[in-house]
Amino acid sequence: MTLPHVALALAISVIWGLTFVASKIGLDHYSPLFFTSLRFLLVAGLLFPFLRIVKGSMKSIAWIAVTVGIFHFSFMYLGIEAAGGVTAVAIASQMIAPFSLLLAVIFLKETIGWRRILGIILAFSGVMVLGFDPVIFDQLEGVVLVTIAALFMSVGLVLMRQIKNVGTMNMQAWIAALSGPPLLLLSLSTETGQWASILATDWEAAGAIAFIVVVTTIISHGSWYYLLQRYPIATLTPFGLLAPIFGVIFGVIFFSEPISAKFLMGAAITLVGVAIINMRNAGKNKVLSQEPEF
């Protein structure tokens, strides 16, 4: 990789780590489903020029919007709110990789070797170690919800693998356009105080939404796709694995979240497992590369 591209990959990882912080700040101000709907409605507005009908693929795109846009992000933001922090959910979100692999084996009839089986076992074992950490007991509900979110993202990734000729921005635009209105209706029917939270929006809440919409969704996702067009997945995987590490670091810096030895051990086991899975996927070029879940 050239030095500018290395710098870009590192910047993307930092952005993904900061996204956990921005999400936590946003959810301190808005209810989870309303925050999710706001994110997608704003993304849909900004990416409207990229919206294109893809003949023969619109049904699949709609299902991707349901699994990724509605279910994944709803459970993700519900999980972050329930956890009250970002360190544990940053690690749990990495379960996308083993879930994607297992679903690819079940539904796409792909084969896996012993190394990727080892990666799956390590990833799940690491999350189990996290779950038994006393520091995580207060965040356990959040970890479970984020793990469910990872499962829905994995379903979406398997669906994406079967679609051809849909650009990153077009897919992002469709997910946002098809997810935003149903999420807003769901929020209005199950949550309260949406209008009051809008009127009470301060610079921190507005900055959090702007960061997630513009920097995370449009800039970092687009930049990651730019790098994927130029380098093998195996080259970029280590940078992607830095995102949860940055998330944990920022959680400690901004929110003074506690870190125990058992937490560090569980996080390390999970990330090693995910690294093994991603490296083997890159070598075989069979499963979608893991994109950011935010």
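Reading the values: the criteria
- Position labels on residues start from 1 in each chain and follow its written sequence.
- Predicted model: local features are reported for residues with pLDDT of at least 70 only, side-chain atom pairs are reported and counted for 80 or more only, and whole-chain, interface and lining totals are derived from all residues.
- Here the side-chain values reflect all heavy atoms present in the structure, with hydrogen atoms and water set aside.
- In DSSP terms, a helix is any run of H or I states spanning at least four residues, a strand is any run of E spanning at least two, and both are numbered starting from the N terminus.
- Exposure categories follow from relative accessible area, calculated using a 1.4 Å probe and restricted to protein chains: below 20% of the type maximum is buried, above 50% is exposed, and the middle band is partly exposed.
- The contact criterion used is simple: two residues touch if any of their non-hydrogen atoms lie within 4.5 Å.
- All accessible-area figures derive from a Shrake-Rupley calculation using a 1.4 Å probe, and residue coverage is judged against the displayed protein chains alone.
- Side-chain atoms within 4.5 Å link the members of a nonpolar core, which is a set of buried Ala, Val, Leu, Ile, Met, Phe, Trp, Tyr and Cys residues.
- The residues that make up patches have over 30% relative accessible area and no salt bridge, and they are joined within 9 Å when like-charged or within 5 Å when they are Val, Leu, Ile, Met, Phe, Trp or Tyr.
- Each reported salt bridge corresponds to a side-chain nitrogen of Lys or Arg within 4 Å of a carboxyl oxygen of Asp or Glu.
- Every axis corresponds to a line fitted to the C-alpha atoms, with the helix fit spanning only the stretch in contact, and the corresponding angles, defined between N-to-C directions, vary from 0 to 180 degrees.
- Between 65 and 115 degrees an angle is taken as roughly perpendicular, under 35 as roughly parallel, over 145 as roughly antiparallel, and anywhere else as oblique.
- By convention the crossing between two helices is left-handed if the near helix lies anticlockwise of the far one by an angle smaller than a right angle, and right-handed if it lies clockwise.
- When residue character is reported, Ala, Val, Leu, Ile, Met, Phe, Trp, Tyr, Cys and Pro are called nonpolar, Asp, Glu, Lys and Arg charged, and the others, Gly included, polar.
- Each pair of aromatic rings taken from Phe, Tyr and Trp, with Trp reduced to its six-membered ring, is defined by centres within 6.5 Å and is described as stacked if the planes are under 30 degrees apart, edge-to-face if over 60, and tilted in the remaining cases.

**Q** Go over the overall build of the chain with me, naming the residues and quoting the values.
**A** What the chain contains, in helices and strands, is 13 helices and zero strands. Counting from the amino terminus, helix and strand elements in the chain follow one another as α-α-α-α-α-α-α-α-α-α-α-α-α. In the chain, buried positions account for 52% of the 294 residues. Look at the contacts in the chain between residues 6 or more apart in sequence, and 91% of them connect residues 24 or more apart. Accessible surface computed for the chain: about 12700 Å², of which carbon and sulfur atoms make up 72%.

**Q** Which residues make up the nonpolar core, and what are the values?
**A** Considering soluble globular proteins, one finds that nonpolar side chains tend to be buried as a cluster. Among the nonpolar cores identified, the biggest contains 60 residues, and Tyr30, Phe35, Ile61, Tyr77, Val89 and Met171 are the most heavily contacted of them. If one sorts the elements of this core by residue count, helix H3 (residues 58-83) sits on top with nine residues. Look past the residues within four positions of Val89 in its chain and what remains in contact with it is Phe20, Gly79, Ile80, Ala83, Gly142 and Val146. Residues Ala9, Ile15, Tyr231 and Phe239 belong to the second largest nonpolar core, which totals nine residues.

**Q** For a nonpolar patch on the surface, give the residues involved together with the corresponding values.
**A** A cluster of nonpolar residues, Ile245, Ile249, Ile253 and Phe254, forms a patch on the protein surface that exposes about 380 Å² of accessible area. Topologically, Phe254 is positioned in helix H12 (residues 242-255).

**Q** Requested: an account of the packing of H3 against helix H8 (residues 168-190), with residues and values cited.
**A** At a minimum axis distance of 8 Å, the contact between H3 and H8 shows a crossing angle of 60°. Looking at the two axes, H3 sits oblique to H8. Judged by the sense of rotation from one axis to the other, the crossing of H3 with H8 is right-handed. Contacts between H3 and H8 involve Met58, Ile61, Ala62, Ile64, Ala65, Val68, Gly69, Ile70 and Ser74 on the former and, on the latter, Met171, Trp174, Ile175, Leu178, Ser179, Pro182 and Leu183. Here the contact of H3 with H8 is built from residues that sort into 13 nonpolar, three polar and no charged.

**Q** Hey, could you go over the packing of helix H1 (residues 3-27) against helix H10 (residues 203-228) for me, with residue numbers and the actual values?
**A** Viewed as axis vectors pointing N to C, H1 and H10 meet at an angle of 150°, and their least axial separation amounts to 9 Å. Classified by the interaxial angle, the pair formed by H1 and H10 is roughly antiparallel. H10 is crossed by H1, and the crossing has left-handed handedness. Touching His5, Leu8, Ala9, Ile12, Ile15, Trp16, Leu18, Thr19, Ala22, Ser23, Ile25 and Gly26 of H1 are Glu204, Ala208, Phe211, Ile212, Val215, Thr216, Ser220, His221, Ser223, Trp224, Tyr226 and Leu227, all from H10.

**Q** For the packing of aromatic side chains, give the residues involved together with the corresponding values.
**A** According to the stated counting rule, one finds nine aromatic pairs in the structure shown. Summarising the aromatic geometry, the rings of Phe73 and Tyr77 are spaced 6.1 Å apart at their centres and angled 45° between planes, so their arrangement reads as tilted. Here Phe73 pairs with Tyr77, and both are found in helix H3, just four residues apart, close to one helical turn. Like Tyr77, Phe73 is buried. Plain terms: the ring middles of Phe75 and Phe152 are 5.6 Å apart, the flat faces sit at 10° to each other, and that makes the pair stacked. A residue pair is termed long-range when its members are at least 10 positions apart, and Phe75 in helix H3 and Phe152 in helix H7 (residues 140-161) qualify at 77 residues. Classification of Phe75 by relative accessible area gives partly exposed; the value is 22%. The exposure class of Phe152 is partly exposed, given its relative accessible area of 24%. By way of ring pairs, the aromatic residues Tyr30, Phe34, Phe35, Phe40, Phe73 and Tyr77 are connected into one cluster.

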